[in-house]
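Listed below, chain by chain, are the residues.
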Amino acid sequence: MVDSFMSSKTGVEPISVLNIEAEKTEPTTCQLNRKDLFSIFSVALILFSLNYLWYYYDHHIPMMDEAGHILRSIAYSELFLHFRPFSFDWWQEFLKVSQFYPPALYIVAGFFKAIFGAARLVDIAVHCFCASVLGVSVYLSVRLLGFGGLAACAAAFFVGFYPEVAFLNHMIMLDFPTLSASALGVTSLIFWWRYPTLGAAVLAGTAIGFCCLTKQIVTAFIVGTGVYYTVLAFLGHRRDDRKNLFLQLATIVVVTVVIGAPWILTNFNEMNSINSYMNTDFEEKGIKMSHIECFFYYLKSYWFNMSPLLCSLFLVSTVAAGVSSHRKLLPLWSGALVGFFMMCLYIYPLDRYIVSTFVLTAAISGVFIEKFWFSGQVLSRVLVSGLFALIFLQYVSFNFSPYPLSSPFLTGVSQWMAIDIPVDFFGKDGHKDNPIPYRNWGYDWALQTIERYEHGIPVYLNVLMNEPNLNAQTFDLETKERKLPVTATTSLIWTVVGDQLEFSQESALYYHWYLVKDRMKRKFKDAKSEESYKSLLDFLKNSGRFEWINSMKTPEGDRISLYRQKRQ
């Protein structure tokens, strides 16, 4: 089996991105051709444009995680602007900007922010580029595994049209790029196997190392494909071929480790402590699931996360694609299955953790679509065309209606198709994932009020809420993007099971300004934290050390108020 992929010595000419063959007539040839270049460019451009169009209309407030990710990219932009390659302290700071999440995407965004400034447009452009990377990676994987251009194009679009993927795609940074990184890492291995040279191994190791530095779980969805190719290398018939393959596999591993080790070694203790802390919280609250419960939770999640339409297509495709097609797709099967089961062993199941398995489901669906299209029947092509139209209509309904497209029919399409993404980050009515028109949540009001009183004097602002639309991280982001002398933070410690707070008059007086809300959405971690919060509010209102400045109503109808410490 190994020899059939190795080199022209066995009658199969390897693929090279520098030597693309003329177009073949056989639709399932795995030799790339000029038509593939056009398809790759088209897929990248369409996916980039679709996502940019969504962000063009969207005005949602970056939630806590989004703001935190963007803040880390700003920190990297500052490091790039003060680049000191021969300073140990600089490299220490470089590796410690993000001590829990790997920094690859922050570094990329930070690099461009250093050039173009800390504008939100840079984050959007990087994010849209990740959508292009995902589509192109899926396209190349399907083509390199021996399927035709139609299967590859269909898979590239299917993976971006799943509701859960679109949902994650609308939150800047981490979770969506994780899917793109997983797809790129697997594609790098597939490409190396099709063109097994030492140079290709170095490139694959570099790509995989960078992908694994996007988020820890990326490794789980790449390692299965790596193990699969290791087994194939071991089963090779020719000793010389086996030796070369193992040398190249070792090269891939070494390069990957060299790229990832500095950050991992620097932050290993911090990662472990955070994971242990989260695990303890789940156990104390009695909400931790067993591995088998996680397994069935994830299994049930596919129906809505893929949408009933695309999930049904996948189930039909799995049966109809045929054994030979699944045999070709074994590299994707290996990566998806290993990643899936590893996620079942993780602390707590979240739908986004298994989204990388959608690379496989999209590929299987694309393979079936191609086989059905080329079955030679006019009816099959009519059905495929109708299915494409329905899938695109579902995508438009879920992503662009009721705003900016307000057609009642279009608005109801996704509900008619029973699409329901249960996690509601942005406080939307229902579960539609359309762009958010501008809504005044109080960021301009609060910061302008502080500036009017302080006249450029540096002050500390305590934001006493941890909610998607109102939180300290987003205020901190706003102050940095606007270059204001306001340090926004919070004394509410966020945990997975509620907010934690300790109160003392001395610590309360550390802050010059407070922003409080009359109705808190999040729970407190324990009764002590809730009591501390009440004591802090009482101190702000009744101690005589602070004065009420102004209030406003949020779009939810709640009142937020600013308190300023009286100057002695």
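Definitions and cut-offs
Residues numbered from 1 in each chain as written. Predicted model: local features only at pLDDT ≥ 70, side-chain atom pairs only at ≥ 80, totals over all residues. Heavy atoms only, no water. Helix = DSSP H or I, 4+ residues; strand = E, 2+ residues; numbered from the N terminus. Rg over C-alpha atoms; globule rule 2.2 N^0.38 Å. Buried < 20%, exposed > 50% of the residue type's maximum accessible area, 1.4 Å probe, protein only. Areas by Shrake-Rupley, 256 points an atom, 1.4 Å probe, with all protein chains shown as cover. pLDDT = per-residue confidence, 0-100. Contact = heavy atoms within 4.5 Å. Phe/Tyr/Trp six-rings, centres within 6.5 Å; stacked < 30°, edge-to-face > 60°. Lys NZ or Arg CZ within 6 Å of the ring centre and 35° of its normal. Pairing = 2+ DSSP bridges. Axes fitted to C-alpha atoms, helices over the stretch in contact; angles between N-to-C directions. Right-handed = clockwise from strand over helix to strand, strands pointing away. Expected span 1.5 Å × (residues − 1). Polar contact = N/O pair within 3.5 Å; in protein donor to acceptor, adjacent residues only side chain to side chain. Parallel < 35°, antiparallel > 145°, perpendicular 65-115°, else oblique. Left-handed = near helix turned anticlockwise from the far one by under 90°. Nonpolar A, V, L, I, M, F, W, Y, C, P; charged D, E, K, R; others polar. Patch = residues over 30% accessible without salt bridge, like charges linked within 9 Å, V, L, I, M, F, W, Y side chains within 5 Å. Salt bridge = Lys/Arg side-chain N within 4 Å of Asp/Glu carboxyl O. Core = buried A, V, L, I, M, F, W, Y, C linked by side-chain atoms within 4.5 Å.

Colleague: Would you take a moment to explain the overall build of the chain for this structure?
Modeller: For the chain, the count of helices and strands is 23 helices and seven strands. Scaling as 2.2 N^0.38, a compact globule of 568 residues should have a C-alpha radius of gyration of about 24 Å, and the chain matches this with 26 Å. Evaluated residue by residue, the chain yields a buried proportion of 52% over its 568 residues. If you sum the accessible surface of the chain, you get close to 25700 Å²; carbon and sulfur atoms cover 64% of it.

Colleague: So what exactly am I meant to see when it comes to the confidence of the model for the chain here?
Modeller: Parts of the prediction with low pLDDT should not have their coordinates interpreted in detail. Looking at the chain as a whole, its pLDDT mean stands at 88, while 90% of the residues score no less than 70. For residues 424–430, every residue scores under 50 in pLDDT, and the model assigns this stretch 17 contacts once sequence neighbours within four places are set aside.

Colleague: Which parts of the structure should I look at to understand the packing of aromatic side chains?
Modeller: What characterises a pair of aromatic rings is the spacing of the ring centres plus the angle enclosed by the ring planes. Per the counting criterion, the structure on display carries 44 aromatic pairs. On the basis of an interplanar angle of 80° and a centroid distance of 5.1 Å, the ring pair of tryptophan 54 and tyrosine 55 is categorised as edge-to-face. Since its relative accessible area comes to 1%, tryptophan 54 is described here as buried. Assessed through its relative accessible area of 6%, tyrosine 55 is described here as buried. Geometrically, the ring pair formed by phenylalanine 112 and phenylalanine 116 is stacked, given 6.5 Å between the ring centres and 10° between the ring planes. Placement of the pair is phenylalanine 112 and phenylalanine 116 together in helix α5 (residues 104–116), with a separation of four residues, close to one helical turn. Members of the aromatic cluster, connected to one another through ring pairs, are Tyr76, Phe80, Phe83, Trp90, Trp91, Phe94, Phe111, Phe112 and Phe116. One cation-aromatic arrangement involves lysine 328 over phenylalanine 147; the distance from NZ or CZ to the ring centre is 5.0 Å.

Colleague: What's the story with the environment of arginine 559 in this structure? I'm lost.
Modeller: Considering the arrangement of structural elements, one finds arginine 559 in strand β7 (residues 559–565). Arginine 559 sits 40 residues away from arginine 519 along the chain, and the two C-alpha atoms are 7.8 Å apart. If we ignore the near neighbours within four places in the chain, the residues touching arginine 559 are Val516, Lys517, Asp518, Ser551, Met552 and Lys553.

Colleague: For this particular structure, what's the right way to read the sheet that holds strand β1 (residues 459–463)?
Modeller: Spatially, five strands are ordered β2-β1-β5-β7-β6 in an open sheet, and the strand pairing comes out mixed. Lying at the two open borders of the sheet, with one neighbouring strand each, are β2 (486–489) and β6 (546–553). Ignoring which end each strand starts from, the neighbouring axes of this sheet average 20° apart. Pairing of β1 with β2 involves four bridges; the strand directions are parallel. Within β2, the residue paired with valine 459 across the bridge is valine 486. Those strands touched by helix α20 (residues 443–454) are β1, β2, β5 (513–517), β6 and β7, and its axis lies near 20° from that of β7. Running at roughly 120° to β5, helix α23 (residues 527–542) makes contact with β5, β6 and β7 of the sheet.

Colleague: Where do I start with the pairing of β1 in this structure?
Modeller: Each regular strand displays side chains that alternate between the two surfaces of the sheet. β1 sits mainly inside the fold: four of its five residues count as buried. Handedness of the crossover is the feature at issue here: the chain leaves β1, passes through helix α21 (residues 472–482), returns alongside β2, and the resulting connection is right-handed. Relative to β5, β1 is paired through three bridges, and the arrangement is parallel. Bridge pairing in β5 places asparagine 462 opposite tyrosine 514.

Colleague: Looking at this structure, I do not really get the side chain of serine 141. What am I missing?
Modeller: Within the secondary structure, serine 141 sits in helix α6 (residues 120–144). Relative accessible area serves as the criterion here: at 2%, serine 141 is assigned to the buried category. Excluding its chain neighbours within four sequence positions, the residues that come into contact with serine 141 are Thr187, Ile190 and Leu332.

Colleague: Would you mind showing me how to read helix α3 (residues 64–81) here?
Modeller: Helical geometry: 3.6 residues make up each α-helical turn, so side chains three or four residues apart lie on a common side. A rise of 1.5 Å per residue sets the reference length of α3, with its 18 residues, at 26 Å; its end C-alpha atoms lie 26 Å apart and thus fit the reference within 8%. Of all the positions in α3, only Met64, Glu66, Ala67, Gly68, His69, Ile70, Leu71, Ser73, Ile74, Tyr76, Ser77 and Leu79 are classed as buried. Against α4 (88–96), α5, α6, α21 and β3 (493–495) lie the buried residues of α3.

Colleague: What should I look at first to understand the environment of serine 375 in this one?
Modeller: Within the secondary structure, serine 375 sits in the loop between α17 (358–373) and α18 (378–400). A relative accessible area of 39% means that serine 375 is categorised as partly exposed. Only 3.1 Å separates the side chain of serine 375 from the side chain of serine 380, close enough to count as a polar contact.

Colleague: How do you make sense of the packing of helix α9 (residues 175–194) against helix α11 (residues 218–234) when you look at a structure like this?
Modeller: The geometry of a pair of packed helices is captured by two quantities: the angle between their axes and the separation between those axes. Running from amino to carboxyl end, α9 crosses α11 at an angle of 15°, the nearest separation of the two axes being 8 Å. By the angle class used here, α9 and α11 are roughly parallel. Between α9 and α11 the crossing geometry is right-handed. For the pair formed by α9 and α11, the contact residues are Thr178, Ala181, Ser182, Gly185, Val186, Leu189, Ile190, Trp192 and Trp193 on the first element and Val218, Phe221, Ile222, Thr225, Gly226, Tyr229, Leu232 and Ala233 on the second. When grouped by side-chain class, the residues that make up the contact of α9 with α11 number twelve nonpolar, five polar and no charged.

Colleague: Honestly, a nonpolar patch on the surface in this entry has me stumped. Any pointers?
Modeller: Nonpolar side chains collect at one region of the surface, where Val223, Val227, Val231, Phe234, Leu235, Phe246, Val338 and Met342 lie side by side and expose about 680 Å² of accessible area between them. The topology assignment puts valine 338 in helix α16 (residues 330–344).

Colleague: Where do I start with the packing of α9 against helix α10 (residues 198–212) in this structure?
Modeller: Taken N-terminus to C-terminus, the directions of α9 and α10 make an angle of 165°; their axes are 9 Å apart at the nearest point. Between α9 and α10, the angle falls in the class roughly antiparallel. α10 is crossed by α9, and the crossing has left-handed handedness. Contacts between α9 and α10 involve Ala181, Leu184, Gly185, Ser188, Leu189 and Trp192 from the former and Ala200, Ala201, Ala204, Ala207, Ile208 and Cys211 from the latter. The residue inventory of the contact of α9 with α10, partitioned by class, reads ten nonpolar, two polar and no charged.

Colleague: Got a minute to help me understand the nonpolar core in this structure?
Modeller: One finds Phe158, Trp192, Tyr229 and Leu332 to be the most contacted residues of the largest nonpolar core, which totals 127 residues. It is α6 that contributes the most residues to this core, 13 residues altogether. Once residues lying within four places of it in the same chain are set aside, the contact partners of phenylalanine 158 are Leu310, Leu313, Ala362, Ser365, Gly366, Ile369, Phe388 and Ile391. Counting residues in each nonpolar core, the second largest holds 22 residues, with Val459, Ala472, Leu515 and Ile549 among its members.

Colleague: Looking at this model, I keep getting lost on the pattern of salt bridges. Mind explaining?
Modeller: Here the structure, examined in full by the defined rule, presents 17 salt bridges. Arginine 143 is paired through a salt bridge with aspartate 36; the nearest N and O atoms lie 2.8 Å apart. Of this pair, arginine 143 sits in helix α6 while aspartate 36 is found in helix α2 (residues 34–57), placing the two residues 107 residues apart along the sequence. Pair check on accessibility: arginine 143 and aspartate 36 agree, each one buried. One salt bridge connects lysine 480 with aspartate 476, and the closest N-O pair in it is separated by 2.8 Å.

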